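Residue-level structure breakdown
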2 protein chains.
Amino acid sequence: MIGGIFGAVGKKGKAVAKGGNSGNGNHILSEEEKEKRKKKEQLWEQKKYTVQAHVIDIITGKSVVVLNETEAMENDVRQGYRVHVKTSSGGDKICIVDLSKEMVKRGEIGVFGDVAHALKIEEGDIIQLVKMERPASIEYIRKKLDGEGLERAQVRSIIHDLMDNRLSEAELAVWISAMYIRGMGEDEVVSLTNSIVESGDQLDLGVKPVADKHCIGGVAGNRTTMVMVPLIAAGGVYIPKTSSRAITSAAGTADTMEVLAPVDFSVDEMKRIVLKTKGAIAWGGGMNLASADDKLIKIRNPLSLDPRGTLLASILAKKKSVGAHYVVVDIPLGRGVKVMNMEDAEALGADFIKIGKHLDMTIEGLITDGSEPVGNGIGPALECRDVVEVLKGGGPADLRNKSAMLTGKLFELVGKVKPGEGYDVAMNLISSGKAWNKMKDIIAEQGGDPNVRESDIPIGQCKHTVVAEKEGKISHIDNKAVSRIARAAGAPKNKGAGVYLHRLKGDRVRQGDVLFDIYAESEASLDYAIKALDVWKPIEMEKMLLGTMR
Amino acid sequence: MIGGIFGAVGKKGKAVAKGGNSGNGNHILSEEEKEKRKKKEQLWEQKKYTVQAHVIDIITGKSVVVLNETEAMENDVRQGYRVHVKTSSGGDKICIVDLSKEMVKRGEIGVFGDVAHALKIEEGDIIQLVKMERPASIEYIRKKLDGEGLERAQVRSIIHDLMDNRLSEAELAVWISAMYIRGMGEDEVVSLTNSIVESGDQLDLGVKPVADKHCIGGVAGNRTTMVMVPLIAAGGVYIPKTSSRAITSAAGTADTMEVLAPVDFSVDEMKRIVLKTKGAIAWGGGMNLASADDKLIKIRNPLSLDPRGTLLASILAKKKSVGAHYVVVDIPLGRGVKVMNMEDAEALGADFIKIGKHLDMTIEGLITDGSEPVGNGIGPALECRDVVEVLKGGGPADLRNKSAMLTGKLFELVGKVKPGEGYDVAMNLISSGKAWNKMKDIIAEQGGDPNVRESDIPIGQCKHTVVAEKEGKISHIDNKAVSRIARAAGAPKNKGAGVYLHRLKGDRVRQGDVLFDIYAESEASLDYAIKALDVWKPIEMEKMLLGTMR
């Protein structure tokens, strides 16, 4: 007797363990499972039920519909399930189910603004609901949770469902947690990067060479990008730089550039500017590049959850989206910044280089001193003044030297200059006036006033000077504390607000010597910043006695 | 020179790594950090800002307010941050921030029904907002993510914030993911169990001995609870049983008992019934026992994420909430149920016993055969008929024997009978009529008709009989497929719907022999169940050829 009696399907007897840590978690869908999935969906199609739309005029950023709890349960639809929402005019969308006991009555469906708008649903419209299998991407998230690496198609499926708002915040949080704890293989990071790139627009300049730079961050001031872009462009290398606004710092590059010129451009406008001037400094948030990353960041930020693999993918997807083939990555190392020991810095640099190779990017990681702010000004206008001074040949030496060093390394990486000569070439571009002339072109092309002088840049008219209480030597300037005080004074919203450092680490000071000034645009903001000094101390003095024991 | 110059605070230099997997993750708040947190909050208190309430009449089950994105960012408030929401009448509540570009205008706050109701906020009310530090419980979640065990106070703090709706779904999902991947220590499971117990009401009968039973689930039919409760009560042991309704099965104990009597009681009503009859079978969802567990399940279920530790805590919290000191746990083992090998079953049983000791519960884990349904009927009324027949001395042998075995083990555990005599004592309680008399008392006390006869229990009038297509031996009856077919036929909503098995595993059948009947309350439901047979096959026949190779 061979098979064939009723019920005798050839099952593979695949064990999917539940309820414990012992699962082997092999959740890839087989052909057989796909077939079963299809049959199930045909079955559910027959069980579709009809409800009347109650439009809730709220934009949630999610594809969620609210169903009556009892009615949904009767139709085998539970919290977090997916339903196919179909309108009489032929529109359809897969939505996540939220259940409500009271808000939605039997025979009704609560449709939020996002879904109502997408499907042109109006109050009282008749809607058909069909229960769906949960997206395969959830199986891949589970697989990752169980410690397996994901294949490219699986990562792409997650990003695809993410872009379609088909995954709940909880599901995405599980994925990010899994990547955090389990780590990610090289292939997986490359898959994630490529999937993020595919999720948005891409800038194709059609010229060569295109370069980019990135800083891991954490250093106050450090406005090297604004010095480097005109330097790099003046050296003949294209650099379509997209930057962010401040999140927790006192100023982002976009905030600082905005002191001189508009920064909000479309991809096409960006292309026009860069093809003309070779360089531009724009706000990345205004373009639709690497869109999935913005959605991932919305989950990662509130949780402060930044797995190494997603960090790499997030950064490199942005570089790849603008078509960069050469990238220098500044990895500041020191107390209080993101990377706090040489081993971590080297590992991070090596990861960038490895992943970059798969993405057709030549990357150099540069581990820099992140132990104190770079430049004297902290806050959009104060940093902008430093930048303009540096480009004109003066300004803070640390900002000038670091920018020239990073630019020089990039020139060497691209092959524009011989190894070891990059720094001098960059310094010459400054001293010859070419760098500032290039910046003027960029400012003009972005719609600003190219004849701006550093003294034109308005600084907050309210000032408070902090002096040394005792004689001593400055042992530490705390990046985070400096940023917090600048923010308390009003930065980045008030562009003239911030902190100006008069002394650097290692300086000897006498009682009464000026340590730093706080600038604000109103007395109230200044008062608030002064009070904030009680919480965040920007400057630490050397101590003779480091501890006592008895 | 000893300390003291401006800015020289004694920092511990504690390194909290970010952006990678290398963090040591020691996030416990020190006294110093608490002090700093307090100072920060004083600072933010001064930066409170005033907005006007726009009430959104939707119950979300979360304490979320929606702020204008630009205005919030200017006030340093970001997505997922917490704000203290204060009304002019003195109400206040900590809420999670959601940001919106369009929905909420500057100067406004979107307040969902939950928060509006709790604070009695009406449209146009003036609201003060103060930014808050994020709850310490989030630090504990991060700590768990980084692989450290949590202390009792930390687990309690998470559950406390969970009950206050102060943690977002994403944050809870991270916690559950972390427990899943990192595992949990014994202390941690005990802490979680106790915290869940404290989150709800507790039933204190003030009598002894109080027992309970639990089944890990996955077996179709298997309505042992309804046989065991009258048996145990008839044997002189108190058993205030709370049960669930079906989630994915064809019937829960609560659904089945409801065929005979109401099951929705308050804690006080439950106490009254049990003090009178020694036993009751109620719906757990109607009481406020172990409330935090319901909230955790809402996150765990859509993700099918059931870490061992939360499974144990979830079950034992319910037992502890009803004051049980003796518990038998039925762990069905077999193909297609939750526990699929002896090793896992033994480990789970051992965990129950260990954790139980800390909770002052004597637990016996009983590994049972879960490879096929127990009882012939699947569906509320069909299972109920089996139960009544068994209590009267007839009915399916497997259900009778298993119920008597479990009950006997409990009697032995409590010390009511000598080891080895429990089964016979239980069987005698059935044959003497005491069990059925006790059930009648319970039915009466719960408000049902104690004179019910099994033939009174209405079964769906539409029937479809499935026969063997060929001669052969039944090798497997699939619990899940049987449940799915019963659900497709209308169970548990239609109490008369379900499947009745005429043959069991190992039975030899001839072509045309009846395998099972499907019952439904309408022809449409029956048709649907018949179509579902194309997806789920309840019965597998033995095959001669298990595979081919060439």
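Cut-off values and rules
- Residues numbered from 1 in each chain as written.
- Chains lettered and ligands numbered in written order.
- Predicted model: local features only at pLDDT ≥ 70, side-chain atom pairs only at ≥ 80, totals over all residues.
- Helix = DSSP H or I, 4+ residues; strand = E, 2+ residues; numbered from the N terminus.
- Buried ≥ 20, exposed ≤ 12 C-beta atoms within 10 Å, placed from the backbone.
- Contact = placed C-beta atoms within 7 Å.
- Pairing = 2+ DSSP bridges.
- Core = buried A, V, L, I, M, F, W, Y, C linked by C-beta atoms within 7 Å.
- Axes fitted to C-alpha atoms, helices over the stretch in contact; angles between N-to-C directions.
- Arc of directions from axis to C-beta.
- Left-handed = near helix turned anticlockwise from the far one by under 90°.
- Nonpolar A, V, L, I, M, F, W, Y, C, P; charged D, E, K, R; others polar.
- Expected span 1.5 Å × (residues − 1).
- Parallel < 35°, antiparallel > 145°, perpendicular 65-115°, else oblique.
- pLDDT = per-residue confidence, 0-100.

1. Thoughts on the overall build of chain A
A count of helical and extended segments in chain A gives 19 helices and 18 strands. The principal-axis extent of the C-alpha atoms belonging to chain A is close to 95 × 65 × 55 Å. Counting across all 550 residues of chain A, residues that qualify as buried make up 54%. Considering only residue pairs separated by 6 or more positions, chain A has 79% of its internal contacts joining residues 24 or more positions apart.

2. Some details on the pairing of strand S5 (residues 108–112) of chain A
All names here are of chain A. With four of its five residues buried, S5 lies for the most part within the structure. Looking at chain direction, strand S2 (residues 64–68) and S5 are connected through three bridges and run antiparallel. When the sheet's bridge partners are listed, Val-66 is paired in S5 with Gly-110.

3. A look at the nonpolar core
In this structure, A:Ala211, A:Ile485, A:Ala489, B:Ala211, B:Ile485 and B:Ala489 are the most contacted members of the largest nonpolar core, which totals 291 residues. Contact partners of B:Ile485, with chain neighbours within four places excluded, come to B:Val499, B:Ile518, B:Ala529, B:Ala532, B:Leu533, B:Trp536 and B:Pro538. Core analysis: the next-biggest nonpolar cluster, separate from the first, contains 55 residues, A:Ile56, B:Val65, B:Ala72 and B:Val85 among them.

4. Remarks on the sheet that holds strand S5 (residues 108–112) of chain B
Residue and element names in this part refer to chain B. Within the closed barrel, the six strands sit side by side as S1-S5-S2-S4-S3-S6. Their pairing is mixed. Between one strand axis and the next, the sheet turns through 45 degrees on average, direction left out of account. By the bridge criterion, five bridges tie strand S1 (residues 49–56) to S5 in an arrangement that is parallel. Along S5, the bridge assignment pairs Ile-56 with Phe-112.

5. Quick word on the pairing of strand S3 (residues 82–87) of chain B
Residue and element names in this part refer to chain B. Relative to strand S4 (residues 92–100), S3 runs antiparallel, the two sharing five bridges. Opposite Lys-86, over in S4, you have Asp-92 as the bridge partner. Where S3 folds back on S4, the antiparallel hairpin that results is connected by four residues, among which Gly-90 adopts a positive phi of roughly 95 degrees. Pairing of S3 with strand S6 (residues 126–132) involves six bridges; the strand directions are antiparallel.

6. Considerations on helix H19 (residues 523–532) of chain A
What H19(A) keeps buried is the set A:Ser525, A:Leu526, A:Ala529 and A:Ala532. What you see down the axis of H19(A) is that its buried residues fit within an arc of 115 degrees, all on one side. Facing away from the buried side of H19(A) by more than 90 degrees, the exposed set consists of A:Glu523 and A:Ala524. Residues of H19(A) that are buried make contact with strand S13 (462–467), helix H18 (479–488) and strand S17 (514–520) of chain A together with helix H1 (31–46) of chain B.

7. Focus on the sheet that holds strand S16 (residues 508–509) of chain A
Residue and element names in this part refer to chain A. Within the open sheet, the three strands sit side by side as S16-S14-S18. Their pairing is antiparallel. Each edge of the open sheet carries a strand with a single partner, namely S16 and strand S18 (539–541). Of the pairings in the sheet, the one linking strand S14 (residues 472–477) to S18 comprises three bridges and is antiparallel in character. Following the sheet pairing, Ile-474 is matched in S18 by Met-541.

8. Details of the packing of helix H8 (residues 224–234) of chain B against helix H14 (residues 380–391) of chain B
Residue and element names in this part refer to chain B. It is at 9 Å that the axes of H8 and H14 come closest, and there the two elements cross at 30 degrees. Of the two possible hands of crossing, H8 and H14 adopt the one that is right-handed. Of the residues in H14, those touching H8 at Met-226, Val-227 and Pro-230 are Val-387, Val-390 and Leu-391. In terms of residue class, the contact of H8 with H14 is made up of six nonpolar, no polar and no charged.

9. Things to note about helix H15 (residues 397–414) of chain B
Residues and elements named next belong to chain B. Between its terminal C-alpha atoms H15 stretches 26 Å, which fits the 26 Å expected from 18 residues at 1.5 Å a residue. When you tally the buried positions in H15, you get 13 out of 18 residues, the bulk of the element. Note on H15: the residue one or two positions beyond its end, Gly-415, has a positive phi of about 95 degrees.

10. Points about unusual backbone geometry
Glycine aside, residues mostly have negative phi angles, and peptide bonds mostly take the trans form. Following A:Ala491, the chain continues to A:Pro492 via a peptide bond in cis, the omega torsion being 0 degrees. Along the polypeptide, A:Pro492 turns up in the loop between H18 and strand S15 (498–501). With an omega of -15 degrees, the peptide bond between B:Lys208 and B:Pro209 qualifies as cis. Positive phi, close to 65 degrees, is recorded for B:Asp76, a residue that is not glycine. Summarising the element assignment, B:Asp76 is placed in the loop between helix H2 (69–74) and S3.

11. Comments concerning the environment of A:Lys543
When you line up the elements, A:Lys543 lands in the segment after S18. For A:Lys543 and A:Ile474, which are 69 residues apart along the polypeptide, the C-alpha to C-alpha distance reads 9.6 Å.

12. Some details on the packing of H8(B) against H15(B)
Residue and element names in this part refer to chain B. Relative to each other, H8 and H15 sit at 45 degrees, their axes nearing to 9 Å. Our classification of the angle between H8 and H15 gives oblique. As H8 runs across H15, the sense of the crossing is right-handed. Taking contact as the criterion, the partners of Thr-224, Val-227, Met-228, Leu-231 and Ile-232 in H8 are, on H15, Leu-399, Lys-402, Ser-403, Leu-406, Thr-407 and Leu-410. Grouping the constituent residues of the contact of H8 with H15 by class yields seven nonpolar, three polar and one charged.

13. A look at the environment of A:Glu469
All names here are of chain A. Topologically, Glu-469 is positioned in the loop between S13 and S14. For Glu-469, a count of 16 C-beta atoms within 10 Å corresponds to the partly exposed category. Sequence separation between Glu-469 and Ser-63 is 406 residues, and the spatial gap between their C-alpha atoms is 58 Å.

14. A short note on the environment of B:Ala350
Mapping B:Ala350 onto the fold places it in helix H13 (residues 342–358). Sequence separation between B:Ala350 and B:Gly365 is 15 residues; the distance between their C-alpha atoms is 7.5 Å.

15. Quick look at the confidence of the model for chain A
Residues and elements named next belong to chain A. Averaged over all residues, the pLDDT of chain A is 90; the fraction at 70 or higher stands at 95%. Counting interchain partners and residues more than four positions distant, the pLDDT-below-50 stretch residues 1–27 has 57 contacts. Across the predicted assembly, pTM comes out at 0.88 and ipTM at 0.87.

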